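Structural characterization, general
What follows is each chain in one-letter form.
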Amino acid sequence: MSSSREDQEVVEIDDDNLDCSGNEEVLLSYDGFVITSHDYCTLERGKFLNDSIIDFYLAWLLRDKVSESQRDEVHIFSSHFYSRLISKPLLNKKLRVGQRNLIFFRKKLLIIPICHKYHWFMILICNPGCVDLDEDDQKIRGEPFLVILDSFGQKRPKEVDTLRNYLEHEHMEKRESAFSFGSAAMRAIYPRLPQQKNSTDCGVFLLEYAERIMNKRAIFRWPALPDLSNWFSDTDVFSKRPEIAHLIQDLSKDTMQDKLSSASFPSISFAPIDVEEICDSSDEFYTPSTRKRHCRKDLDFIFKSNTLEDNKNRSSPPILRKKVSRKKQYL
């Protein structure tokens, strides 16, 4: 029987003790991506994930979730790609040189993470090489289309138009012929998606979207996408930060054995200020009378952070309240 809210232990977290003061110690070097202590600290709840975490985890997903024989079908752009694309012409030229060796129109899926005004979202370009096929061939090989994945539900018309122009340029460069990538040739699809309920989890949602895509890429072969509003639960979102943190720690042990003794991971908190913030959310699998009990049980593992290791065997996680310094403000 689960304990009542009144009986639960209250644990205070003193944020003044968190070791996230701009430390640039290298914790992990993985496939060309470097994670520093500063990057790692953005995994703390209430903070925005930075570009290093986004790029690293997307690269890891491609390696871990997609078989080696199918990886050539997917290309993940850098999180800096779009900002460079819309910047000065000189940088655009450098960008084109950097993408010269990309066999662009042989890919079945292009993944473009974008950060605009501190908000992460993602656009997929599906089957770009099928634009020149007739309708019958597209029914067999796949229809070209764009998918906008935004945890605030924004349409992003400016970014869509920019990518259409980019595709037209690439078609001219790679296939030496003009082609219009307007809505008639490539539709923009806005699926129903799980939406974020705060101002800081946009990067977490982007990575959760990406992970689901890697697991079921086949549904993105045609634009008739299913309803994805229940693609994942709030529990999946709240567990993503500690999952990535533990992944970085595990990979660090495997790849930096010679530096392990000097690597020091900062102590960060992954716990919500109040467990009810998660467990009040609707869940189609449970009735209202059982939802919170199951939710609390499912969330046990989320509290296995460096500072909350002793909570991992609890039958019900504690209520956590931040002990806020008067000199600081926290989200």
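Up top you'll find the structure we're talking about.
First, a word on what this report is: a plain description of the structure on this page.

Rules and cut-offs
The numbers attached to residues start from 1 for each chain and follow its sequence in the written order. Residue-level local features of this predicted model are given only where pLDDT is at least 70; pairs of side-chain atoms are given and counted only at 80 or more, and the full residue set underlies all totals for whole chains, interfaces and linings. Each side-chain value is worked out from all heavy atoms of the structure, with water and hydrogens disregarded. Two aromatic rings, drawn from Phe, Tyr or Trp (for Trp, its six-membered ring), form a pair once their centres lie within 6.5 Å of each other, and the interplanar angle then sorts them: stacked below 30 degrees, edge-to-face above 60, tilted otherwise. A run of H or I in DSSP counts as a helix once it spans at least four residues, and a run of E counts as a strand once it spans at least two, with each numbered from the N terminus. For each residue, the accessible area found with a 1.4 Å probe, counting protein chains only, is set against the maximum for its type, and the residue is called buried under 20%, exposed over 50%, and partly exposed in between. Whether a charge sits over a ring comes down to the Lys NZ or Arg CZ being within 6 Å of the ring centre and within 35 degrees of the ring normal. A side-chain nitrogen of Lys or Arg and a carboxyl oxygen of Asp or Glu constitute a salt bridge if their distance falls within 4 Å. When DSSP finds at least two bridges between two strands, those strands are taken to pair. Note on geometry: axes are C-alpha line fits, over the in-contact stretch for helices, and angles between N-to-C directions span 0 to 180 degrees. Working rule for angles: under 35 degrees goes down as roughly parallel, over 145 as roughly antiparallel, 65 to 115 as roughly perpendicular, anything else as oblique. In what follows, residue pairs with any heavy atoms lying within 4.5 Å of each other are defined as contacts.

Our next topic: the packing of aromatic side chains. Evaluation of the coordinates by the stated rule reveals 13 aromatic pairs. With centroids separated by 5.2 Å and ring planes inclined at 70 degrees, the aromatic side chains of Phe 81 and Tyr 166 adopt a geometry described as edge-to-face. Of this pair, Phe 81 sits in helix 3 (residues 81-85) while Tyr 166 sits in helix 6 (residues 157-175), placing them 85 residues apart in sequence. Here Tyr 166 falls in the buried class, since its relative accessible area comes to 5%. Taken together through their ring pairs, the aromatic side chains of Phe 205, Tyr 209, Phe 220, Trp 231 and Phe 232 make up a single cluster. The ring of Tyr 190 has Lys 155 sitting right over it, with the charged end atom 4.4 Å from the ring centre. The ring of Phe 121 has Arg 156 sitting right over it, with the charged end atom 4.2 Å from the ring centre.

A word on the pattern of salt bridges. Under the defined criterion, the tally for this structure stands at 19 salt bridges. Linking Asp 201 and Arg 45 is a salt bridge whose minimum nitrogen-to-oxygen distance equals 3.9 Å. Of this pair, Asp 201 sits in the loop between strand 8 (187-189) and helix 7 (202-215) while Arg 45 is found in the loop between helix 1 (37-41) and helix 2 (51-65), placing the two residues 156 residues apart along the sequence. The burial state of Asp 201 is the same as that of Arg 45; both residues are buried. When the shortest N-O distance is used, the salt bridge between Lys 240 and Glu 208 registers 3.1 Å. You can see Lys 240 sitting in helix 8 (residues 234-255) and its partner Glu 208 sitting in helix 7, a full 32 residues away along the chain. Lys 240 gets classed as buried once you look at its relative accessible area, which sits at 1%. Under the relative-accessibility criterion, Glu 208 is labelled buried at 3%. Because the salt bridges share partners, they merge into one network encompassing Asp 64, Lys 65, Glu 208, Glu 211, Arg 212, Asp 236, Lys 240 and Glu 243.

For the rest of this paragraph, the subject is the pairing of strand 5 (residues 109-116). Most of strand 5 is tucked away: six of the eight residues are buried. Here strand 4 (residues 74-76) pairs with strand 5 via three bridges, running parallel. Looking at the pairing, Val 74 lines up with Leu 109 of strand 5. Counting the residues that bridge the hairpin from strand 5 to strand 6 (residues 119-126) gives two residues, and of these Lys 117 lies at a positive phi of roughly 50 degrees.

We now examine unusual backbone geometry. A positive phi is found at Asp 31, a non-glycine position, where the angle reads about 50 degrees. For Lys 117, which is not glycine, the phi dihedral falls at a positive 50 degrees. On the secondary structure map, Lys 117 appears in the loop between strand 5 and strand 6.

For the rest of this paragraph, the subject is the environment of Asp 72. Topologically, Asp 72 is positioned in the loop between helix 2 and strand 4. Once the C-alpha coordinates of Asp 72 and Lys 107 are considered, the two residues, 35 residues apart in sequence, prove to be 7.0 Å apart.

Here we come to the packing of helix 2 against helix 8. At their nearest, the axes of helix 2 and helix 8 sit 12 Å apart, and the two run at 75 degrees to each other. The angle between the axes of helix 2 and helix 8 places the two elements in the roughly perpendicular class. Side by side, helix 2 and helix 8 meet where Ile 53, Phe 56, Tyr 57 and Trp 60 of the first sit next to Lys 240, Ile 244, Leu 247, Ile 248 and Leu 251 of the second.

Okay, the sheet that holds strand 5 next. Spatial strand order, 4-5-6-7-8: five strands in an open sheet with mixed pairing. Pairing within the sheet leaves two strands with one partner each, and these edge strands are strand 4 and strand 8. Recorded for the sheet is a direction-independent mean angle of 20 degrees between the axes of neighbouring strands. Relative to strand 8, strand 7 (residues 145-149) runs parallel, the two sharing three bridges. Across the sheet, Val 147 pairs through a bridge with Ile 189, a residue of strand 8. Where helix 6 meets the sheet, its contacts fall on strand 5, strand 6, strand 7 and strand 8, and the angle it forms with strand 6 comes to roughly 40 degrees.

Along the polypeptide, His 169 turns up in helix 6. A relative accessible area of 28% places His 169 in the partly exposed class. Once the C-alpha coordinates of His 169 and Phe 179 are considered, the two residues, 10 residues apart in sequence, prove to be 8.8 Å apart.

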